[in-house]
Amino acid sequence: MSTNSKRLIAALAFFTWTALILAAFYVTQRPSLLKGARALADSGWALLVLALLLTNAAGIGTLLIRNLPQLNLEHIERLLLSIGIGLGLLGLFGFLMGILGWTHPIVLIGLQVGLLILLWWRKALQVVWVDLRCLGAAWREDMVFAPVWLKIAAAATLLFAFLLALAPPAEAFDALFYHLVGPQRFLDGSGMQPSSVPHFWFPALPEGMFLWAQGLGADRTTQLLHLTWAVLAVLFLWHWAASVWESKIAHATLLILLSMPSLYLLASWAYTDFALTFYALTALYAVYKAFDRERASPRIGWIIIAGLVAGMSMAVKYTSFLIPVSVVLLALWWGRRNLGSIFKFILIFSLVALVVAAPWYLRSWFVMGNPFYPFAFGGQYWDAFRADWYSQAGTGIGWQIKELFLLPLNATLGHRDANYYDGRIGPLFLILLPLTLYVLLKARHFFGRKRRTLFAITLFSLLSIAAWVLGVINSSALWQTRLLFPALIPFALPTALGLLAIKDLDTPQLRLSFIFNFVVVALVAVTVVDAGIHVLARNPLAYALGLETRQSYLAKVQPAYAQAIQLLESTPPNASLYFLFEPRSYGATRQVQIDPILDNFAHDWYLHGDADSLVQDWRSRGYTHVLIFRRGVDFLSGNRSGSFKPEYQAALELVIENHLTLAGTTPDGAYELYRINP
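Presented here is an overview of the structure given in this document. Per chain, the residues get numbers from 1 upward, laid out in the order the sequence is written. Local features in a predicted model are, by the rule used here, given only for residues with pLDDT of at least 70; side-chain atom pairs are given and counted only at 80 or more, and totals for whole chains, interfaces and linings are based on all residues. Calculated side-chain values reflect all of the structure's heavy atoms, with hydrogen atoms and water omitted.

Moving on to the overall build of the protein. By definition, any uninterrupted DSSP run of H or I lasting at least four residues is a helix, any uninterrupted run of E lasting at least two residues is a strand, and each is numbered from the N terminus. Regarding its fold elements, the protein presents 31 helices and five strands. Rg of the C-alpha trace for the protein: 28 Å, near the compact-globule value of 26 Å for 678 residues, within the 12% margin. With respect to the three principal axes, the spread of C-alpha positions in the protein is 95 × 75 × 55 Å. Type-normalised accessible area, obtained with a 1.4 Å probe on protein chains alone, sets the label of each residue: buried when under 20%, exposed when over 50%, and partly exposed for intermediate values. Each of the 678 residues in the protein was classed as buried or not, and the buried ones make up 55%. It only takes one pair of heavy atoms within 4.5 Å for two residues to be counted as in contact. Long-range contacts, defined as pairs at least 24 residues apart, comprise 75% of the intrachain contacts of the protein with a sequence gap of at least 6. Carbon together with sulfur atoms contributes 66% to the accessible area of the protein, which is approximately 30000 Å² in total. Across the protein, the mean location of the 49 positive side-chain charges is 13 Å away from that of the 38 negative side-chain charges. Our radius of gyration looks at C-alpha atoms and nothing else; its globule reference is 2.2 Å times the residue count to the power 0.38. Under the convention used here, a 1.4 Å probe and the Shrake-Rupley method define accessible areas, while residue burial counts only the protein chains that appear. His residues and chain termini do not enter the charge count, which takes Lys and Arg as positive and Asp and Glu as negative. A charge is said to be at NZ when it belongs to Lys, at CZ for Arg, at CG for Asp and at CD for Glu.

Dropping the structure here:
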């Protein structure tokens, strides 16, 4: 045997020996890294899916934008617009994939990988990379002049939002209710079946993006996608402020945003508010750019972009109607001396916006008989009782002068908000409101881009706030400050001007601006530290690293709901459950009918009027069990509308006594599970 052969045998023997010892060692003394290997792989997969979707979104957007006429975009503009528009187009594509039933993971990943290769071949991704480097360089250059504490606050806020987004969907009520359940219906093949849940028929462009993530087994990526829209919106507003004014105004704008306690929290949830915020902001920017004073007519490329993003906003929420209205009003005002160009602008803008938004409205029209289901024209499963219950007309603050006068303060304090934690806007907007109004009054002396920027943002913000106030006047259900985010976030720019205008109040005896700067720094510091404490309490890294299970995390942040999900597991696999007073169902493995507007029992009683007929109807619809959320009963009985009247309470107890058998309760007594008697 040759020397080389002996060496090879010795090397193989030593390698085998090493492998055996290492295997024995790590089987006996398993390190934490190996214990959490599955969780780390899942977290890595969620980030990989995010990277794939964002890369393809940026490439699609770049491919589209670079073919539009009369556009000379800066690198930052092109990148931010490309990602946002690309996300919208992928959301539309995901929605169409759900309709067609092409939702198998192999199909979804195959399409995304194929798209990635195509975009590389068309050299769109190379452009994205250049634009990304330019954005990074511009940000670093701009932040050189920013205070150190502002850099720390911005980085910490982004980090906290990112860490929370790595947690499993557990805390966001509407995500567990319909933002994640809606896409899941398409993945299960029931997305186009009629349903009495009105929220499943709302415009759902972000949910179209969520479908890609959920279909690829990465539901946490849905939260990271919403965070992406938030980052895009903040960066776009920063760029707009810096390009029209200077870095100091851009930094002040970031400061205003960082003072909003709910900013990081809402961004980390699988919601849609920041998608709407981004498309609203870019629609205003597009019409502003289209009417460059140096040109006699609006530029066609910016008109198309305005139509695209306005259409995407209409595909996010019904409340987005003020975005295209604002764009048209701005176009009419800025182009009033050239009506021919204005009519052309409105025609092109409207056609593009309607084409983009149409799929969701056509779906509702085709399946439910109403493109705006359930509003305006009703539709299947809808009647006067449900319309009245949903609107809660007459439960708002009314036209009381005192209430209207106190509305800005009450909205800031948040103590009357229907969803307190996700609607905290912070005190700076209200504190600086007098100075912001002072700046806006002075804006008539501004010229060019500054004047048009303030006019565009202020018009949209005023219209949005007025619509919100009208809603609060009529219904307590609409008292949700979160609904103002798409208007308030752009309004951070005028508010930043108000912040810097405080110097106008300085006197030789009192430098108010010096004192107020300390107040603002302290306020932002408190907000960021409070966010950090919240993240520490949640400890999402424990789940991301495999130190905590999904069920235990859910039990920590939503104990009652976690117990309810476990309670459902005690029913037979083929059980069909009817929920009373519980709209959420994400994570349930049984067939369920949720209670979307908490009227299931009241509406059934309205239709049947007696317990026997009501329960017989439940049996005829195939329900085998009923899940009652007792806290939901208490909420309806005690809220301002008083919608769950004593007679409904008595009827519910009558049905339970005569037709249901208790099958289990959660340890805290919040949920009761009943079998429907044969």
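Read on for the rest.
Along the chain, the position of Ala562 falls in helix H27 (residues 559–568). Judged by relative accessible area, Ala562 falls into the buried class, the value being 2%. Through-space distance from the C-alpha of Ala562 to that of Gly471 is 34 Å; in sequence the pair is 91 residues apart. Those residues within four positions of Ala562 in sequence are excluded, and the remaining contacts are Gln551, Leu554 and Ala555.

Here we come to the pairing of strand S4 (residues 660–665). Here S4 runs beside strand S5 (residues 671–676); their pairing, made up of five bridges, is antiparallel. Counterpart to Leu662 in the pairing with S5 is Tyr674. When DSSP locates at least two bridges between a pair of strands, those strands are taken to pair. Linking two consecutive strands that pair antiparallel, namely S4 and S5, is a turn of five residues; a positive phi of about 75° is found at Gly669 within it.

A word on the side chain of Arg386. You can see Arg386 is positioned in helix H18 (residues 384–391). Contact partners of Arg386, with chain neighbours within four places excluded, come to Ser196, Tyr381, Pro596, Ile597, Asp599 and His603.

Attention shifts here to the nonpolar core. With 236 residues, the main nonpolar core has Trp229, Tyr279, Phe345, Phe581, Phe601 and Trp618 as its most contacted residues. Sequence-distant contacts of Trp618, that is, excluding residues within four places in its chain, are made with Tyr578, Leu580, Phe601, Asp604, Tyr623, Val626, Val655, Leu660 and Ile676. Within this scheme, the nonpolar core is defined by two criteria: the residues are buried Ala, Val, Leu, Ile, Met, Phe, Trp, Tyr or Cys, and they are joined through side-chain atoms within 4.5 Å.

A helix is expected to span 1.5 Å multiplied by its residue count minus one. Between its terminal C-alpha atoms helix H11 (residues 220–244) stretches 37 Å, which fits the 36 Å expected from 25 residues at 1.5 Å a residue. H11 sits mainly inside the fold: 21 of its 25 residues count as buried.

The description of two packed helices rests on the angle between their axes and on the distance between the axes. Where helices are involved, their axes are fitted lines through C-alpha atoms of the stretch in contact, as for all axes, and angles between N-to-C directions lie from 0 to 180°. In the contact formed by H11 and helix H12 (residues 247–258), the axes pass within 8 Å of each other and the chain directions differ by 150°. Classified by the angle between their axes, H11 and H12 sit roughly antiparallel to one another. For H11 against H12, the interelement crossing comes out right-handed. When H11 is examined against H12, the residues Val234, Leu237, Trp238, Ala241 and Ala242 are found in contact with a partner set consisting of Ile249, Ala250, Thr253, Leu254 and Leu257. In this classification, the charged set is Asp, Glu, Lys and Arg, the nonpolar set is Ala, Val, Leu, Ile, Met, Phe, Trp, Tyr, Cys and Pro, and all remaining amino acids, among them Gly, are polar. For the contact of H11 with H12, the per-class residue count stands at nine nonpolar, one polar and no charged. An angle counts as roughly parallel when it lies under 35 degrees, as roughly antiparallel when it exceeds 145, as roughly perpendicular when it falls between 65 and 115, and as oblique in every other case. Handedness of a crossing is defined here by the sense of rotation of the near helix relative to the far one, left-handed for an anticlockwise turn of less than a right angle and right-handed for a clockwise turn.

Moving on, we come to the side chain of Asn370. Relative to the assigned elements, Asn370 resides in the loop between helix H17 (339–368) and H18. When residues no more than four places from it in sequence are discounted, the contact partners of Asn370 are Ser364, Trp365, Phe375, Phe377 and Gly378.

This paragraph deals with the sheet that holds S4. With mixed pairing, five strands are arranged side by side in an open sheet as S2-S1-S3-S5-S4. For this open sheet the edge positions go to strand S2 (591–593) and S4, each flanked by a neighbour on one side alone. On average, each strand axis in the sheet is tilted by 30° relative to the strand beside it, whichever way the strands run. Here five bridges tie strand S3 (residues 625–629) to S5, and the two strands are oriented antiparallel to one another. Across the sheet, residue Val626 finds its bridge partner in S5, namely Tyr674.

Take a side-chain nitrogen of Lys or Arg and a carboxyl oxygen of Asp or Glu: if they are within 4 Å of each other, that pair is a salt bridge. Enumeration according to the criterion identifies 20 salt bridges in this entry. Note that Arg38 is salt-bridged to Asp42, the shortest N-O span being 3.5 Å. Highlighted residues: Arg38 and Asp42, both in helix H3 (residues 37–65), separated by four residues, approximately one helical turn. Residue classification places Asp42 among the partly exposed residues on the basis of a relative accessible area of 34%. When the shortest N-O distance is used, the salt bridge between Glu171 and Arg538 registers 2.6 Å. With Glu171 in the loop between helix H7 (148–165) and helix H8 (173–179) and Arg538 in helix H24 (residues 512–538), this residue pair connects regions lying 367 residues apart in the sequence. Salt bridges sharing common partners tie together Asp174, Asp273, Lys317, Asp422 and Arg482.

Glancing now at the packing of aromatic side chains. Note on aromatic pairs: the rings of Phe, Tyr and Trp (six-membered ring only in Trp) are paired at centre separations within 6.5 Å, and the planes decide the class, stacked below 30 degrees, edge-to-face beyond 60, tilted for the rest. Throughout the structure, instances matching the rule amount to 40 aromatic pairs. Here Phe345 and Phe349 contribute two aromatic rings whose centre-to-centre distance is 5.9 Å and whose plane-to-plane angle is 15°, an arrangement assigned as stacked. You can see Phe345 and its partner Phe349 sitting in helix H17, four residues apart, about one turn around the helix. On the basis of relative accessibility, which here comes to 0%, the residue Phe345 falls in the buried class. Residue classification places Phe349 among the buried positions, given a relative accessible area of 2%. Between Tyr373 and Trp382 the ring centres are 6.3 Å apart and the planes differ by 65°, which places this aromatic pair in the edge-to-face class.

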